[in-house]
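# Descriptive analysis of the structure
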Amino acid sequence: MIFNHEKNILELLDIAIDAGKEILNIYNDEIIVNSKEDKSPITQADIKSNNLIVNRLKKFDPNIPILSEESLVEWENRKNWDKYWLIDPLDGTKEFINKNGEFTVNISLIKNNYPMFGIIYAPVKSLLYYGLKNYGSYKLKTNSNLISLSDFNKLNINNEKKSKIRIIGSRSHSNKAFQTWIENKFTSFELITIGSSLKFCILAEGKADIYPRLGPTSEWDIAAGHIILEEA
């Protein structure tokens, strides 16, 4: 099993941190934006982060295939995979372009169609999260390579009732349907707006209660956040 030894988890976490460094090199310079076929934005940071993660994961275990938003594999070629890496090398490209710091690196391991391990790293905020099936979820503030997992803090959701429901909204994808939905569901609520998969991390930390997603999403957007939130 990949996670029998602490050094294996540290190696995977370091991949996310190093991908974040690649992203920051471009973030701190002029950002050139291009468009993909679906009209969504892409930058050199997406590409450089993707290349680093893919190359490092291949060295980590060459027998596990990889699916990434920036290097897609046709469904016919991957539909029978029982285990694979699923990555979003720069989640929140619009936040990256707007330079608000709310973007992440997402890496997850899928087994039998279910996330077993996930990493979310926010390089500007120096926040690193990971979750491992049946072992919990953890958080660390860091911007350098890691030494020990004991430095991480375990996440536990606080289920105490609140006077107001704390609802997360997307910074880049909010719309009238979202506003109408929450107004019909709740009479008293607080709206928290944030970008990328940091939404899942805020839920996992117990700083918000619900994230309604009414629009389309993709598996690489939510896999890492799914296991981090579930394990919390």
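A few points on the structure. As the structure is a computational prediction, the values presented were derived from the model and not from experiment.

A word on the overall build of the protein chain. Counting secondary structure elements, the protein chain contains 7 helices and 11 strands. Relative to a compact globule of 232 residues, whose C-alpha radius of gyration would be 17 Å, the protein chain shows 17 Å and is just as compact. Within the protein chain, residue pairs in contact and separated by at least 24 positions form 59% of the contacts whose partners lie at least 6 positions apart. For the protein chain, the exposed area adds up to about 12,000 Å²; of that, 46% sits on carbon and sulfur atoms. Each charge class in the protein chain can be summarised by its mean position, and for the 29 positive and 30 negative side chains these summaries are 4 Å apart.

The next subject is the sheet that holds strand S7 (residues 127-132). Each strand in a sheet pairs with its neighbour through backbone hydrogen bonds, running either in the same direction (parallel) or in the opposite one (antiparallel). Taken in spatial order, the 7 strands of this open sheet run S3-S4-S5-S6-S7-S8-S9, and their pairing is mixed. Looking at strand neighbours, the two that pair on one side only are strand S3 (66-68) and strand S9 (153-154), the edges of this open sheet. Packed onto the sheet, helix H1 (residues 6-27) meets strand S4 (83-91), strand S5 (104-111), strand S6 (114-122) and S7 and runs at close to 40 degrees relative to S6. Strands in contact with helix H2 (residues 44-60) are S3, S4 and S5; relative to S4, the strand with the most contacts, it is inclined by about 155 degrees.

Turning to the pattern of salt bridges, a few remarks are in order. One pass over the full model with this rule turns up 8 salt bridges. When the shortest N-O distance is used, the salt bridge between glutamate 219 and arginine 78 registers 3.7 Å. Residue glutamate 219 is located in helix H7 (residues 219-231), and its partner arginine 78 is located in helix H3 (residues 75-78); the two are separated by 141 residues in the primary sequence. The residue lysine 139 makes a salt bridge to glutamate 205 at a minimum N-O spacing of 2.7 Å.

Calculation rules
Residues numbered from 1 in each chain as written. Predicted model: local features only at pLDDT ≥ 70, side-chain atom pairs only at ≥ 80, totals over all residues. Heavy atoms only, no water. Helix = DSSP H or I, 4+ residues; strand = E, 2+ residues; numbered from the N terminus. Rg over C-alpha atoms; globule rule 2.2 N^0.38 Å. Contact = heavy atoms within 4.5 Å. Areas by Shrake-Rupley, 256 points an atom, 1.4 Å probe, with all protein chains shown as cover. Lys, Arg positive; Asp, Glu negative; His and termini not counted. Charge placed at Lys NZ, Arg CZ, Asp CG, Glu CD. Pairing = 2+ DSSP bridges. Axes fitted to C-alpha atoms, helices over the stretch in contact; angles between N-to-C directions. Salt bridge = Lys/Arg side-chain N within 4 Å of Asp/Glu carboxyl O.

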